[in-house]
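# A structural walkthrough
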Amino acid sequence: MSAARRLVVALAVLGAALVVVIVIALFVGSAGLSAGDVVRALTGRAGSSSVESVVTLQLRLPRVAAAVLAGGALAVAGVAFQGLTRNPLAEPAVLGVSSGAAFGVVLAQIFGLGLSALQSLGVAVFAFAGAIGAAAAVYAIAAVPGGLSIQTLLLSGVIVGIFFTSAITVLISIVDFDRLGGVVHWLLGNMAPIPPSALALFAVLALGGFWLVLRSARELNLLALGEEAAVQLGVNARRLKRRVFLAAALLTGSVVAFTGPIGFVGLVVPHMLRGVLGQDNRLLVPTALVAGGIFLLAADTVARNIVAPAELSVGVITSFCGAPFFVYLLRTRYQATL
Amino acid sequence: MSAGIPLVEFEDVSFAYPVPEERGGSGFSLTGVSFAIDAGEVFGVIGPNSAGKTTLLRLLTRVLSPTRGRVRLDGRGVESLVHAELARQVAVVPQETPRPFPFSVEQLVLMGRFPHGPARFFENAADHAVARTAMAAAGVLELGALPLDQLSGGERQRAMLARALAQEPRLLVLDEPTAHLDLRYQAETAGLLQRVNAERGMTVLLVSHDLDLAAQVCDRLLLLGRGRVARIGTPAEVLQRSVLEPVFGCEIVVDAHPTSGRPVVHVAWPAPLARR
């Protein structure tokens, strides 16, 4: 089967799965609505201020949208960082890039930026700057002549992550806590409903990052052979690396700005896809967008139902899945390269 | 021999790596290197370790830029060619394949089509046809679906060669093609090079420290010593004791291959000492 046909089949299967998960996420929850209530709300036959309408349209629907967007963006960022660093274990949280973005967001909140349309753009800018700063720091620490080794890259990611996490703690400690209400919950990653204008901005930024990575997918395949080989095959490697670096920082920064630093989605989802589809980034990038959405939406649906009426942060669920997965990859598939 | 414009021309090329002084820097890796390769030749670059062979190759493929001098391809400076343009003319079979991601052989070979349509997202039917021909020529057609990490060293080398052939270059560059191969694959690689040259008219640049391979397949040799041209000429002219000994710094014996008659270089091993 040709690559194009495999992509179409994979997207059809994943698209159907996404629809199923969205339906489940809309119909289950702690409010105890019946299926009929939800359908009435979705079809506009319930009053706009009725309980079923508020819960379905103002709580669950934006939350579903945010989870799908965030999951897709994180998975694509994972593929991008893996291609860029030629390191199959790279991922925004593992690399410390999420922590850098989170530092930017906390800083933005201290300056009083919230989730209104214009202010959320400011928050996203801070997150983007934090992500770029962290990624540049990791790269500067880990880069040695001849490329990036798995060990030094992971180690410098951990170090940069610890640094920014500590910096966040310092900020929280010295600033009046009331001004940072909910920041602890947000730091664990959470899908609290965000206003439609912020959601729209999130979608524009995430899809922009996705488009940049998708455009680079074929060249990322060549980069996997090494930078010298890529240049010899006609790739402008410097321009490619800059574009993918900015795109991955944009994806990570936008997710962190609107939903918090959620870990391991960029590791788990691309690796499950690699197992089925192989290593072609032209297949991985678009399927990661959809599969990441499925994964995070499913995780969030579990998070808000497993201990209902309380709810877990979705980042807790992804970390519970991701950490053992990371260990598994480290101990089996990549043991030889360590 | 040099009728018209040579395919490759190095004109007084020097290159220094930006290495700090304390690590042996400031030395030139290549100094005043001039030579030309005519279209259709099989040309060998030989020399001891760190003589500048790999630097020369990187200058030709514009991974590095010369500190002084000009590198020309078909009369045009390589720095004036856009990336894909150069890759349509020159294909490199690298020494080793880095493999963090196990692409399949077919995917690898199709990567060679990138310079012929960099704007395409997927390769087209013509690309697939060229890739199949290249895989057949390199003897890896039946391995197409296998991931690279399941291949033997020889199979991987041939897959890399197929990728280079898929670029349909005018100049095929091989960097130490037999370094990790056993005798059978060395013989096969030599045969394949000669076929590619004779049947497709591809010019071949072989970079190797395997003097016997170079002597067997090359029309002319360039001997590099400490970044300078020590001698250019036919294998018989270059592979002489008086030429090789100062460059390699050891005693050498040269005789003729029993079947091909080409020179064969031996190290004059010290005689075994009697044990007390």
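Now for a description of the structure that goes with this document. (Residues numbered from 1 in each chain as written. Chains lettered and ligands numbered in written order. Predicted model: local features only at pLDDT ≥ 70, side-chain atom pairs only at ≥ 80, totals over all residues.)

Facing 21 residues of chain B, the contacting portion of chain A comprises 23 residues. Among the secondary structure elements, those contributing two or more residues to the side of chain B that touches chain A are α2 (83-89) and α3 (105-111) of chain B. Broken down by element, the side of chain B that touches chain A gets its largest block of residues, four residues, from α2 of chain B. (Contact = placed C-beta atoms within 7 Å. Helix = DSSP H or I, 4+ residues; strand = E, 2+ residues; numbered from the N terminus.)

Bringing unusual backbone geometry into the picture now. In the Ramachandran plot, Phe264 of chain A falls in the positive-phi region, its phi being about 75 degrees despite a non-glycine side chain. Relative to the elements of secondary structure, Phe264 of chain A occurs in the loop between α11 (237-259) and α12 (265-277). Of the residues examined, Phe264 of chain A has 26 C-beta atoms within 10 Å and is grouped as buried. For Glu168 of chain B, which is not a glycine, the phi torsion comes out positive at approximately 50 degrees. Inspection of the secondary structure puts Glu168 of chain B in the loop between α5 (153-166) and β7 (171-175). (Buried ≥ 20, exposed ≤ 12 C-beta atoms within 10 Å, placed from the backbone.)

It is worth spelling out the sheet that holds strand β4 (residues 68-73) of chain B at this point. Residues and elements named next belong to chain B. If you trace the four strands from one edge of the open sheet to the other, you get β2-β1-β4-β5, paired in antiparallel fashion. The sheet is open, and its two edges are formed by β2 (30-37) and β5 (76-77), each paired on a single side. In the packing of helix α1 (residues 53-60) onto the sheet, contacts are made with β1 (8-15), β2 and β4, and the angle to β1 comes to roughly 120 degrees. (Pairing = 2+ DSSP bridges. Axes fitted to C-alpha atoms, helices over the stretch in contact; angles between N-to-C directions.)

Next up on the list: the environment of Arg72 of chain B. Residues and elements named next belong to chain B. Relative to the elements of secondary structure, Arg72 occurs in strand β4. C-beta crowding within 10 Å serves as the criterion here: with 18 such atoms nearby, Arg72 is assigned to the partly exposed category. Sequence separation between Arg72 and Leu224 is 152 residues, and the spatial gap between their C-alpha atoms is 19 Å. Apart from residues no more than four positions distant in its own chain, Arg72 is found in contact with Glu9, Gly77 and Val78.

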